[in-house]
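So you can see what is in the structure, the chains are spelled out below.
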Amino acid sequence: MQSIEDYELQQAREADNHLSDDDNAAAETDTSDDDDGESPLALALDDLESRAVSALNDFKSHPGRATDPKASSVHDELASVLRPVVEVSSHAGPSAARALAAGYPGLLSLDECVDEIYDRVNADLVLPVILESAQSDVVPAKRAASLALFHTLHREWARAGSYLDATTGAPSLAGPYGPGVGPGSGTVSAPPFSAQDASRRNQVRIARRSELLRRWVQASIPNLAPGTFTSTALDSAAASRGVLSASSALKPCLRYMAERIGSADDAGALRLFLPVMRMVEGVLGRLFLEKVRGDGVADGSGADVRAADSLRASCVKFLEIVVLCFSNRALPGAGGGGQLGAARMKREANTANDFCLEDLPPGHPIITRESLEEIGEHCFSTLRGLVMLGGQAAIDESLLKAPTAAADSMGGTNPFASILGIIKPAALAYLAIESAAEKAGADSEDKNAFVLDRKSIQLDFCLSQKSYSLSINAVQMLATKRPVFFKDSAYNLARRTIDPPGGKSGEAEGSLSRAAVTGIRTALRSTCLTLLRNFMSVTSGSWEVLTAALKAADMEAQAERALKASKQQLNLMRGGRAARNRAAIFYEWDTSADDSRAAKRQRETDSALEHARAAKMARGLGSGIQLPASMVEASELVMLNLENLPPKRPPVGSSGQRKRRVDLDFVVDAVVSNGASLAADQNHWYDRNGGEAWSMEEGEAVADGRKRLKFTVNAQVLEVAQKSMSRSELKGAEKVFAEQARLAATNAFSRVLQASSNTRSDAVADFSKKMAARLAWTLKNVDPSKEIDASYTMAIEATENAIKKNEADLSGSLDFAKAYPLVASCLAYDLTPKTTASSQQRDESTSSSSSTAASTSLAMRILNEAYVCSLNEDKDSYEKCLEVFVSTVVNACDSSNSKPGDNEAKRIANSAASSLPHLLGAAPALTATALNLVGSLCDIGEISRKASAKSSKQTIAESAALHAAKTAAEKRATAALLILRDVCFQRDALRGAAIDCAVAIATGRMPGSPSIEDKALKLVMNVIFPKNSDCSDKVVASATKELEYAARYSVEKHDEIAKANEEAKRRKEPVRQSPKFALQPLSEEEKIAMDKVRKPVVLSMALCVRKPELIKAIMETGCREKADVLAKAVKSNMPKLTRAASTKYGAANIAKRVAEMASEKETPLLLSFLDNLAPVTDKTLPSDELIDACFEIQRNRPDSKGDLDASYIVPILSGMKRDALVQKLSDFVKGGDEMFKVSLRRMSERLGRYALIFRDEPDPSEPTLRGMSSCEQMVYLHRLDFQKVGIPQKRYLDAIRLCLEDEEVFNDRVVQATLDYISGKFLEGESLPLAYLRTIILVLSKHESLHSWICHVLLPRLVEGKIYEDKRQWEGWMRCAKMLEGGKDSGVSSLEAIQKLPEDKLAIYRAKYPKK
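This section reports on the structure supplied with the text. Everything numeric here is computed off the predicted structure, so don't read it as measured data.

To continue, consider the overall build of the protein. Looking only at helices and strands, one finds 61 helices and four strands in the protein. In the protein, 72% of the contacts between residues at least 6 apart in sequence involve partners at least 24 apart. Counting only carbon and sulfur atoms, one obtains 51% of the accessible surface of the protein, whose full area is about 68,600 Å².

What follows concerns the packing of aromatic side chains. For any two aromatic rings, the description comes down to two numbers: the centre-to-centre distance and the angle of the planes. Under the counting rule described, the total for this entry stands at 13 aromatic pairs. Taking the centre distance of 5.4 Å and the plane angle of 40° together, the rings of Phe-1254 and Tyr-1276 count as tilted. One end of the pair, Phe-1254, is in the loop between α53 (1233–1244) and α54 (1270–1279); the other, Tyr-1276, is in helix α54, and 22 residues separate them in sequence. For Phe-1254, a relative accessible area of 13% gives the class buried. According to the relative accessible area criterion, Tyr-1276 is buried, its value standing at 16%. Their ring planes at 15° and their centres at 5.6 Å tell us that Trp-1370 and Trp-1373 sit as a pair that is stacked. One end of the pair is Trp-1370 and the other is Trp-1373, both in helix α59 (residues 1367–1381) and three residues apart, which spans about a single turn. Put simply, the rings of Tyr-118, Trp-157 and Tyr-163 pair up and form one aromatic cluster. If you follow Arg-1153 out to its NZ or CZ, it ends over the ring of Tyr-1145, 5.5 Å from the centre. Over the face of the ring belonging to Phe-1254 we find Arg-1218, whose NZ or CZ atom lies 5.0 Å from the ring centre.

Let us look at the environment of Leu-1204. With respect to the helices, strands and loops of the structure, Leu-1204 is situated in the loop between α51 (1184–1196) and α52 (1218–1230). Separated by 23 residues in sequence, Leu-1204 and Asp-1227 place their C-alpha atoms 9.2 Å apart. Beyond its immediate stretch of four places on either side in the chain, Leu-1204 contacts Gln-1194 and Arg-1195.

Core analysis: the biggest nonpolar cluster contains 211 residues, and Ile-1350 and Trp-1373 have the highest contact counts within it. Setting aside its immediate chain neighbours within four residues, Ile-1350 contacts Ile-1336, Val-1339, Leu-1340, Leu-1355, Pro-1356 and Leu-1380.

Mapped onto the secondary structure, Ser-785 falls in the loop between α29 (762–778) and α30 (789–805). Residue class for Ser-785 comes out buried when judged on its relative accessible area of 5%. Not counting residues up to four positions away in its chain, the partners in contact with Ser-785 are Thr-746, Asn-747 and Ser-750.

Looking now at helix α2 (residues 40–61). Helix length check: α2 (22 residues) gives 32 Å between terminal C-alpha atoms against 32 Å at 1.5 Å per residue, within 8%. Within α2, the full set of buried residues consists of Pro-40, Leu-41, Ala-44, Leu-45, Leu-48, Glu-49, Ala-52, Ala-55, Leu-56 and Phe-59. Take α2 and look down its axis: the buried residues cluster within an arc of 160°, on one side only.

Our focus in this paragraph is the packing of helix α17 (residues 514–533) against helix α19 (residues 543–552). Remark: α17 packs on α19, axes separated minimally by 10 Å, with the N-to-C direction vectors making an angle of 145°. Our pair here, α17 against α19, has a crossing hand that is left-handed. Contacts between α17 and α19 involve Arg-525, Cys-528, Leu-529, Leu-531 and Leu-532 from the first element and Trp-543, Leu-546, Thr-547 and Leu-550 from the second. Taken together, the residues of the contact of α17 with α19 break down into seven nonpolar, one polar and one charged.

For helix α41 (residues 991–1002), built from 12 residues, the straight-helix expectation of 16 Å at 1.5 Å per residue is met to within 8% by its first-to-last C-alpha distance of 16 Å. Extensive coverage of α41 is indicated by the burial of 11 of its 12 residues. Turning to α41, its buried residues number three or more, namely Arg-991, Gly-992, Ala-993, Ala-994, Ile-995, Cys-997, Ala-998, Val-999, Ala-1000, Ile-1001 and Ala-1002. Against the buried residues of α41 lie α38 (928–935), α40 (956–986), α42 (1010–1024), α43 (1029–1052) and α45 (1084–1106). Where α41 terminates, the next one or two residues include Gly-1004, which has phi positive at roughly 85°.

Overall, the coordinates contain 58 salt bridges when judged by the stated rule. Among the salt bridges present, the one from Arg-200 reaches Asp-115, with a minimum N-O distance of 3.7 Å. Taken together, the residues Arg-200 in helix α6 (residues 195–224) and Asp-115 in helix α4 (residues 110–136) connect sequence positions 85 residues apart. Across the pair Arg-907 and Glu-904 runs a salt bridge, and its minimum N-O distance is 2.7 Å. Placement of the pair is Arg-907 and Glu-904 together in helix α37 (residues 903–922), with a separation of three residues, close to one helical turn. Glu-904 gets classed as partly exposed once you look at its relative accessible area, which sits at 25%. Connected via shared salt-bridge partners are Asp-111, Asp-115, Arg-200, Arg-201 and Arg-208.

Definitions and cut-offs
- Residues numbered from 1 in each chain as written.
- Predicted model: local features only at pLDDT ≥ 70, side-chain atom pairs only at ≥ 80, totals over all residues.
- Heavy atoms only, no water.
- Helix = DSSP H or I, 4+ residues; strand = E, 2+ residues; numbered from the N terminus.
- Contact = heavy atoms within 4.5 Å.
- Areas by Shrake-Rupley, 256 points an atom, 1.4 Å probe, with all protein chains shown as cover.
- Phe/Tyr/Trp six-rings, centres within 6.5 Å; stacked < 30°, edge-to-face > 60°.
- Buried < 20%, exposed > 50% of the residue type's maximum accessible area, 1.4 Å probe, protein only.
- Lys NZ or Arg CZ within 6 Å of the ring centre and 35° of its normal.
- Core = buried A, V, L, I, M, F, W, Y, C linked by side-chain atoms within 4.5 Å.
- Expected span 1.5 Å × (residues − 1).
- Arc of directions from axis to C-beta.
- Axes fitted to C-alpha atoms, helices over the stretch in contact; angles between N-to-C directions.
- Left-handed = near helix turned anticlockwise from the far one by under 90°.
- Nonpolar A, V, L, I, M, F, W, Y, C, P; charged D, E, K, R; others polar.
- Salt bridge = Lys/Arg side-chain N within 4 Å of Asp/Glu carboxyl O.

Spelled out as structure tokens, the structure:
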């Protein structure tokens, strides 16, 4: 039985795997009894808090600047940092509570878990921290991120399974106590639940909602106060974010207050109402009180002005929201359109966050409709003033209340006074100007005259293009959403259109440039046209002024059409049921684009109507419309449309076959086809009398009873056709005939091609494909009709994209596609969206049985015809045709990757990719270029990055669509790899090309995602390579070519990388590089290059394990001149190769084989190979066989002078016996500084615990100790007889100095142990090494920590050993004593050791160094 700690850890891990995106996840429970231990709830809380705290700490420590501004903005980066907070707060917490309650039913209750997790994670941690950051953080970007987080939390908490779950009203299903009911969940039965618990949970939900909204509002208010930041630009930026947050919070807060008032909780509504009013006051103050406060930026810098404009635009948008919320939604007497108005109000009222005064219940003593409506009216007047004047009219400062008085009024009986004290003077300032302009225009003959003297108007601020456009859009939107404002909005916009910015010439005006003025004038005209199309322009009587405004802008024709449409709409609204039904019938197909999916599916599955429509289209009736199923309604529709027919029958050809009597079918066809069936195009010869070109005669009956038919072509027609085929010059009617013949061929081909997809008969479809394939190759240079032009366009675009993406020359394929437009159209026909239901059904059936339908597909028919043509005339036609076809498939897949939400593109791409293996398998032949195009299906890096990137702007639906698109793209890329596998195994002639393509994908030369590259590597190594010897040889050849590509790339990038590395070294402080980091890239350019060449190196090394002779190619290319990046990549991946090769072949054996293959130039990589061949674990030493092999390699590879190179035995030094290392120590001293340091590291790499110890041999006669510790290295280095081994004294002393300088290895403790051991041996009678006292002097200058030990231990010990008997050592002792003698005050002095000298020696010392 597992312990409770293990069980709970398992539960937490399983919950973590599902809590990020799925609120319905629940951990599996164990039925075994749990031991006593820590509460599972406490463990879950600790985990959730740690995740939230980690993300909040990252947010707090963020500098507030984007790490990579080119990749993402600072706001996106901060949102990504806070994303774990959202997940834990919104989804992980409730899901964990449900999982704990389900896993421990007898221990924990659901309500207890939910309440505890909410209090600990949200109420005590997330909300207070985010509120504090939003109110007081010194970085504006982090303030903005905190404000945005409140909006995100409000949205996420309302999702299924979270704290404010709005998906269901069932208490037992609503989150966080249930999984919620997500979209598409269908009917879910709710478990029984007590009313008492339901009431308690509802009260808790209301309290949590109130807390979130209140903190949201409190977070916005401080950012609206002026002077938050000393910099004007930063202050305006913070205020802009505060206004945006206030705009988002206003509607949810008002909705909550309305619910509280409806529940008779007046106090609860007022608790939120007062902060909301302070928030509204703050926004209005930032817009209208800037001049009074002296915070204007008219003379500021460009950044200050831009920030102020952005703030002003945000405030304008806030004004629009205030007017929407503080006004009535009802139509002011719609008359006959009352039902439509009621339906519209009902539809808009269902919007969760929408709010209007009708939603506010009466009865509250303070929060009344009248007070809010007054604020809304003043805000609307202010918006109209902004549009008409291009800014805010100067406000009388005496009318504005002081900020302190406004704040005091919030605590009084009227919380609206402070808001009215700001907005009312601003509205009155414009209303006074408007009234004067209307009075001045009353004397004019034009009743709509509006005379405005703009020169005499003073403005507090002017609008920029952005804020001006927002003001115009706000007035237009209010007109359509709130009918009570329609007339005033229409007059306001029309008057401004008549008197636009820039005057008649459209010149620059004020701070607006000429381009800005043009944009504003265009916006004004479009809004007037939009309002004129609305039926309320007629009911309100504002159509006259709107029409006049558009006429003044030279848009009289557009105005007439818009007015006609609005009147027609009004007539339909006021008409009876029969008229509306008839209108709905007549406009059924025109409005089909707005129908629901269910209605579309119903029409598509209605077989009777489908057959009727198909029959009419077959008779040439155009696109047509659908007649009602009811005979009465159909007859009524036909009678209503009789007046639309022309009064006379259009003239037709003289042929008797074209005459048709006027009957009911004739009239119905004319109505259904909108009159298209009444007249034949007189410009189309083949449509008028083309039947006369052929004559048919019936012969006698044959044996089976059938009659032979004889067709004869008209002589004149035949003559023109022969001239056209011989390319003779055609004139007059002959030229017209040729053009008409091509047009007829185009239309006929289009009908044949469409028949292959529209018919339900497989036999007819197959026959149509055969005929279309033959005709496509026959009709060269014949342009496709408009019905299939999309397929031709796609084929051309696909080929052009393939030319851009691939290295192969596909220009010939592009010329081929343009020369055979119908062939190209057929190749892409199945990859373009179909509009008919039957064609879609046929596509689905084809995709479901792609293996059997491959040989009968249209593309396969085209390819077969191309193959036949290539055998006779054009030898390259088949190859070009195949390349165009594969390009279209690749383009369809790329289109699906670029549009993750397009289900039709995804369906086409999946169908094409699934059928491509069968089509290519059945194809007569393939080409290397086609295989490269197939390999480009693996280029899914972009969609993979999008799916992996986390962005706060992505909704869950968008994220799911991206992941689904990524999965589908990976399946298509896998199918491409399977195609390469099949070609390799089944087509010997193309085996090399297929392997080259697969290897190029595996090595990254052809683009692909990491997962696909890994699959390609496994395909090459585990499937293709072991198949047979030919496959393995071709894989090795391809890998060798990829190495060549990598080597050339390294040489090309050498100079650029060298320059970047030098710059990187100058920017960074010089550090001592350890061997561990010696192979790391120094610059970003080198890192990119190493990543690119690493993949071919890894593949080649994987092959080396099976074919060791390939190691020669790796070393040869890696040691090429200027291929430093490749050599670095080879060395960094060498451990993998050596580990695998030594396991398979033995370390000693593979070492000797590689040494035999390596030339003198390749020695660096050979040394790297040997260095990685030795084991690196503390418990494993190099084997004796490997040691012998390295010595053999050393003997076989002497240098140019015949000396042995010690580098070859460096890798196995840790496995050699110490007495042998002592003999070789002189060789390493001679070898140079780098080799010397590396050899010392190798000797001691497995003796870290013995660094301070000089080990003694257990049996001196039989040495067994291996390696050499750091202390031993220093001892033996001092004992080295440099003269005997031929080492100069300077080199000997430099070697000791190198050790002392390496303080990371030879630190003060190692040096102390060395000096202590040598001095101890000195007392035993051994002589001191020559450099011993010199080393002590160097240590005194490097390690102050050893001064005390040297003074009180080492120097007295040397006196005890009578060091003064050795003249040279005595001189060194006196220098050391003198250096330490002056530290008496610090307690570190050599006086004690000096006093121990004999009297004569003390006198000598004092004679040389007198006492001061």
